[in-house]
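Observations on chain architecture
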Amino acid sequence: MNAKAWKYLRKAAFWLLVAVIVLFAVFPFYYAILTSFETGSALFEVNYLPESFSLINYISVFKGQPFGHNIFNSIFVSFLVVALSLLLGVTASYALARVKFAGRGLLLITILSVSMFPQVAVLSGMFELIRGLGLYNSMFGLAISYMMLTLPFTVWVLTAFMRDLPRELEEAAVMDGATPWTVIRRVFLPVMWPAMVTTGLLAFIAAWNEFLFALTFTLTDDKRTVPVAIALISGASQHEMPWGNIMAASVIVTLPLIVLVLIFQRRIVSGLTAGAVKG
Amino acid sequence: MADVVLKQIRKRFGPIETIHGVDLNIRDGEFCVFVGPSGCGKSTLLRLIAGLEDISDGELRIGGDVVNDTVPKDRGVAMVFQSYALYPHMSVFENMAFGLDLAKHSKDEQNARVMAAAKTLQLEELLDRKPKELSGGQRQRVAIGRAIVRKPRVFLFDEPLSNLDAALRVQMRIELAKLHEKLNTTMIYVTHDQVEAMTMADKIVVLRAGTVEQVGTPLELYHYPANLFVAGFIGSPKMNFISAKITQVSQQSVTLKLESGKEVSLPVDGSGLATADRVTVGIRPEHCSIADQDTALFTGTVEVVEHLGEAGLVYVRTGSDELFVARVAGDTAIKTGETVGIQAAEQDCYVFDTADMAKRRLAVDNAPLKAQMALN
Ligand SMILES: Nc1ncnc2c1ncn2[C@@H]1O[C@H](COP(=O)(O)OP(=O)(O)OP(=O)(O)O)[C@@H](O)[C@H]1O
Ligand SMILES: [Mg+2]
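Residues numbered from 1 in each chain as written. Chains lettered and ligands numbered in written order. Predicted model: local features only at pLDDT ≥ 70, side-chain atom pairs only at ≥ 80, totals over all residues. Heavy atoms only, no water.

Counting its secondary structure elements, chain B contains nine helices and 20 strands. C-alpha atoms of chain B, sized along the principal axes, occupy 75 × 45 × 40 Å. Classification of the 376 residues of chain B by burial places 51% in the buried group. Considering only contacts in chain B between residues 6 or more positions apart, those separated by 24 or more positions represent 65%. Carbon together with sulfur atoms contributes 48% to the accessible area of chain B, which is approximately 16700 Å² in total. (Helix = DSSP H or I, 4+ residues; strand = E, 2+ residues; numbered from the N terminus. Buried < 20%, exposed > 50% of the residue type's maximum accessible area, 1.4 Å probe, protein only. Contact = heavy atoms within 4.5 Å. Areas by Shrake-Rupley, 256 points an atom, 1.4 Å probe, with all protein chains shown as cover.)

On to the overall build of chain A. For chain A, the count of helices and strands is 12 helices and zero strands. If you list the helices and strands of chain A from N to C, you get α-α-α-α-α-α-α-α-α-α-α-α. Relative to its length of 279 residues, chain A is extended, with a C-alpha radius of gyration of 23 Å against a globular reference of 19 Å. Dimensions of chain A, computed from the C-alpha atoms along their principal axes, are close to 75 × 70 × 35 Å. The 279 residues of chain A split such that 40% are buried. Long-range pairs, those at least 24 residues apart, make up 73% of the contacts in chain A with a sequence separation of at least 6. The averaged location of the 13 negative side-chain charges in chain A is 13 Å from the averaged location of its 18 positive side-chain charges. (Rg over C-alpha atoms; globule rule 2.2 N^0.38 Å. Lys, Arg positive; Asp, Glu negative; His and termini not counted. Charge placed at Lys NZ, Arg CZ, Asp CG, Glu CD.)

All names here are of chain B. For chain B, the assigned domains are domain 1 (4–231) and domain 2 (232–375). The distance between the C-alpha centroids of domain 1 and domain 2 comes to 36 Å. Both sides of the domain 1 and domain 2 interface together cover about 2100 Å² of buried area, and 61% of this is carbon and sulfur. Along the contact surface separating domain 1 from domain 2 lie zero salt bridges. The tally of links from domain 1 across to domain 2 stands at 18 residue pairs in polar contact (both at pLDDT 80 or more). When contributions to the side of domain 1 that touches domain 2 are tallied by element, the ones reaching two or more residues are helix H6 (194–200), helix H7 (218–223) and helix H8 (228–233). Sort the elements by how many residues they give to the side of domain 1 that touches domain 2 and H7 lands first, with six residues. Here the residues of the side of domain 1 that touches domain 2 are counted per class, giving 15 nonpolar, five polar and two charged. (Domains from an automatic or database assignment. Buried area = accessible area lost by both parts, 1.4 Å probe. Salt bridge = Lys/Arg side-chain N within 4 Å of Asp/Glu carboxyl O. Polar contact = N/O pair within 3.5 Å; in protein donor to acceptor, adjacent residues only side chain to side chain. Nonpolar A, V, L, I, M, F, W, Y, C, P; charged D, E, K, R; others polar.)

Below, the discussion takes up helix H5 (residues 119–132) of chain A. Residues and elements named next belong to chain A. Between the first and last C-alpha of H5 there are 19 Å, a value that for 14 residues agrees with the 20 Å anticipated at 1.5 Å per step. Of all the bends in H5, the greatest measures close to 35° and is centred on Gly-125. Buried within H5 are the following residues: Leu-123, Met-126 and Ile-130. Next to the buried residues of H5 lie helix H6 (139–164) and helix H10 (212–217). (Expected span 1.5 Å × (residues − 1). Bend = angle between axes of the 7 residues up to and from the residue.)

Here we come to the domain arrangement of chain A. It is common to give the size of an interface as the accessible area lost on bringing the parts into contact. All names here are of chain A. The domains assigned to chain A are domain 1 (3–44) and domain 2 (65–273). Put simply, the middle of domain 1 and the middle of domain 2, counted by C-alpha atoms, are 31 Å apart. Between domain 1 and domain 2, the contact holds seven residues from the first and seven residues from the second. Buried surface at the junction of domain 1 and domain 2, summed over both partners, amounts to about 590 Å²; 88% is from carbon and sulfur atoms. In this structure, the connection of domain 1 to domain 2 is made through zero salt bridges.

The final tally for this structure, using the stated rule, is one cavity of 30 Å³ or more. There is about 70 Å³ of room inside the largest cavity. Residue lining of the largest cavity: Ala-172, Met-175 and Asp-176 of chain A together with Ala-78, Met-79, Phe-81, Ala-143, Arg-146, Ala-147 and Arg-150 of chain B, and that is the complete set. Tallying contributions element by element places helix H4 (residues 136–148) of chain B first for the lining of the largest cavity, with three residues. Of the residues contributing to the lining of the largest cavity, the split by class is seven nonpolar, no polar and three charged. (1 Å grid on protein atoms, 1.4 Å probe; cavity = no way out; pocket = protein on both sides within 12 Å on 5 of 7 lines; lining within 4 Å. Points joined across faces, edges and corners; volume = space filled by probe spheres on them.)

With that settled, consider the side chain of Gln-214 of chain B. All names here are of chain B. Note on placement: Gln-214 falls in strand E10 (residues 211–216). One polar contact links the side chain of Gln-214 to the main-chain amide nitrogen of Ala-226, over a distance of 2.7 Å. Ignoring any residue separated from it by four or fewer positions in sequence, one finds Gln-214 in contact with Ile-204, Val-205, Val-206, Leu-221, Tyr-224, Pro-225, Ala-226 and Val-230.

Residues and elements named next belong to chain B. Close to ligand 1 lie Phe-13, Thr-18, Ser-38, Gly-39, Cys-40, Gly-41, Lys-42, Ser-43, Thr-44, Glu-159 and His-192. Interatomic distance of 2.8 Å between a backbone N/O atom of Gly-39 and an oxygen atom of ligand 1. The separation between an oxygen atom of ligand 1 and a polar main-chain atom of Cys-40 is 3.3 Å. Compared with its free state, where it exposes 640 Å², ligand 1 has 60% of that area covered by protein. Looking at the shell around ligand 1 residue by residue, the classes come out as two nonpolar, seven polar and two charged. (Near = heavy atom within 4 Å.)

Residues and elements named next belong to chain A. Taken residue by residue, chain A gives an average pLDDT of 87. The fraction at 70 or more is 93%. Averaged pLDDT values for the elements of chain A fall to 80 in helix H12 (residues 243–273) and rise to 93 in helix H3 (residues 67–98). Here residues 275–279 scores under 50 on pLDDT; set against residues more than four positions off or in separate chains, the count is one contact. (pLDDT = per-residue confidence, 0-100.)

Right, let's talk about the sheet that holds strand E15 (residues 288–291) of chain B for a bit. The strands making up a sheet associate through hydrogen bonds between their backbones, and the pairing can be parallel or antiparallel. Residues and elements named next belong to chain B. The five strands lie next to each other as E15-E19-E16-E17-E18, forming an open sheet whose pairing is antiparallel. Since the sheet does not close on itself, it has two edges, and those belong to E15 and strand E18 (324–329), each with one partner. Strand-to-strand twist of the sheet, defined as the mean angle between neighbouring strand axes without regard to direction, takes the value 50°. Here four bridges tie E15 to strand E19 (residues 339–344), and the two strands are oriented antiparallel to one another. (Pairing = 2+ DSSP bridges. Axes fitted to C-alpha atoms, helices over the stretch in contact; angles between N-to-C directions.)

Another aspect to go through is the packing of helix H8 (residues 180–191) of chain A against helix H9 (residues 193–209) of chain A. Residues and elements named next belong to chain A. With their axes 5 Å apart at the nearest point, H8 and H9 run at an angle of 70° to one another. One element, H8, and the other, H9, form an angle in the roughly perpendicular class. Seen from H8, the contacting residues are Leu-189, Pro-190 and Val-191; seen from H9, they are Trp-193, Pro-194 and Met-196. Broken down by class, the residue content of the contact of H8 with H9 amounts to six nonpolar, no polar and no charged. (Parallel < 35°, antiparallel > 145°, perpendicular 65-115°, else oblique.)

Once rolled over the atoms, a probe with the size of a water molecule shows which space is left empty. Each pocket or cavity is described by its volume, and for the second largest pocket that value is around 770 Å³. If you trace the second largest pocket, you find 30 residues lining it, with Arg-167 and Glu-171 of chain A together with Gly-51, Leu-52 and Glu-53 of chain B closest to the centre. Counting residues per element, the lining of the second largest pocket draws most heavily on helix H7 (residues 167–175) of chain A, which supplies four residues. Its residues assigned to classes, the lining of the second largest pocket comprises 10 nonpolar, six polar and 14 charged.

Written as structure tokens, this is what we have:
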């Protein structure tokens, strides 16, 4: 009897904890959705359940600024960043995990230490670089600067993963006549899918949400990515914050991430835990 | 169809040399087995032949061509790995066809070759499966099939059966022997398993610490080991060694005094030995018998008796550090703690000089051995 009560209590405590976590994680987004459907003074009243419904914010956000264009920019940059990160990450990790050369450990540490610098610290240097390359106010400039954020973890995760792949697998392919590039493309890539999906998605999220570089390295409205565009949404007068528009825009840009994570969630988990347990 | 010739092959990993000038001549169609203790360089030697490691020094010829600087795929060799190393994301068919695909063979050709190999290896039912859906033995077959389809001039095997259970190993051993008979291709095979080496090999190469200790047919190594190391390595349980002092020596026989005080005359070529030399006498467990204490070569106390069923192993303490092992009948009544005498026929004994080199035995009379030696 007592044991049973304990069991229920433990279960209840567990679900309570889950509820608290979910509330914390989901509530801000829920409130954003709620607000995005409200207009006028309803915006400034605190309510936790839908009271009015209007799509006006969603329409006006596209009218006030080139928001469609901004979304396209974000998508373009993010995909470019993912593609470049994975290409460089996979080839670099092949070298770092499979080819013996002097200074390999040092190189790995250096790559990792890149991610320790705060963005602000490198901002001015990066600005000079981007301008020197003639990539100021361009999507490609943004993509290149984002490499600094995505490459360290991409290279590290993929290197760790590639190290765990049996050496004989590669040697078998070499005996079969495969060049290093064929080994990567036809043997390692298919085996590394889970790790690549995970790192690719993290790179996508990093690029999608990035604000500081995007603000600094772009000049005109039509070159801005979504986070900057949202921050720069302005109301009719200086003293009015267009919360409705901002919330609508936020919901629009969060949805793709949620969809992506839902699609790949099983892959992500298996990628994050890969190598932890021998399969 | 190709012979494999190694001339003074050396391999250095950084400053450390692990293969110290190996000379070897493997004839076309031969089944050659590398054996030796762990870490002696068997795998390294095989990988040098495969081209997975660079040769530091020396010359490697396959089918007459020097291939030192040839990439693996152009050497005409195929390798079967201990861990199978199948491509996990490909079906059995794709695994086998991968090399052909890379070599740009037509789809028809790929199909035909894979089907033929699948038939030989009884894999026809499994062609659509992924490696993880196969048993260990089936995976091993796929790995062999992947090697076969490329029609290599030389097959290389690195302990291919060591991950299988005992029964399956016996079965695969026989299948491999049949495969060799059918294809008649040169095969080089690394193993830890005495039985595999003895039963499959045309030629056994015994390696120790990166050098070749002896090359010969299985029975040659058993009956005429070149030195103490080979004598101890070939045969299971391993040969017993006892020390003795020479009292008389000629080209036909050596008379020596054992530590037990007993004197025996052994039919070995004594040239190079002198009276009063200390030598080592080798006696294989299977050549021992239990005898009366007064006629025995020596006596000792039984420490352990192992019953294997068809035979028994008796471990006897004779005063030296190592236990002396005798193989006796399976229904032996000998018990721990008994004092027993050990006897062995003179012609079954081996003699090694102070430098551990074997003296030629003169009274070996063994029909299979003669047959093997006649083949060479
Ligand atoms: N890549 C390497 N770098 C440095 N040393 C190596 C390398 N590969 C092998 N060795 C060394 O060479 C020696 C021979 O190794 P090898 O793997 O050939 O032994 P083996 O006879 O196959 O042993 P086992 O029976 O355990 O498989 C060992 O001392 C090993 O440490
Ligand atoms: Mg080995």
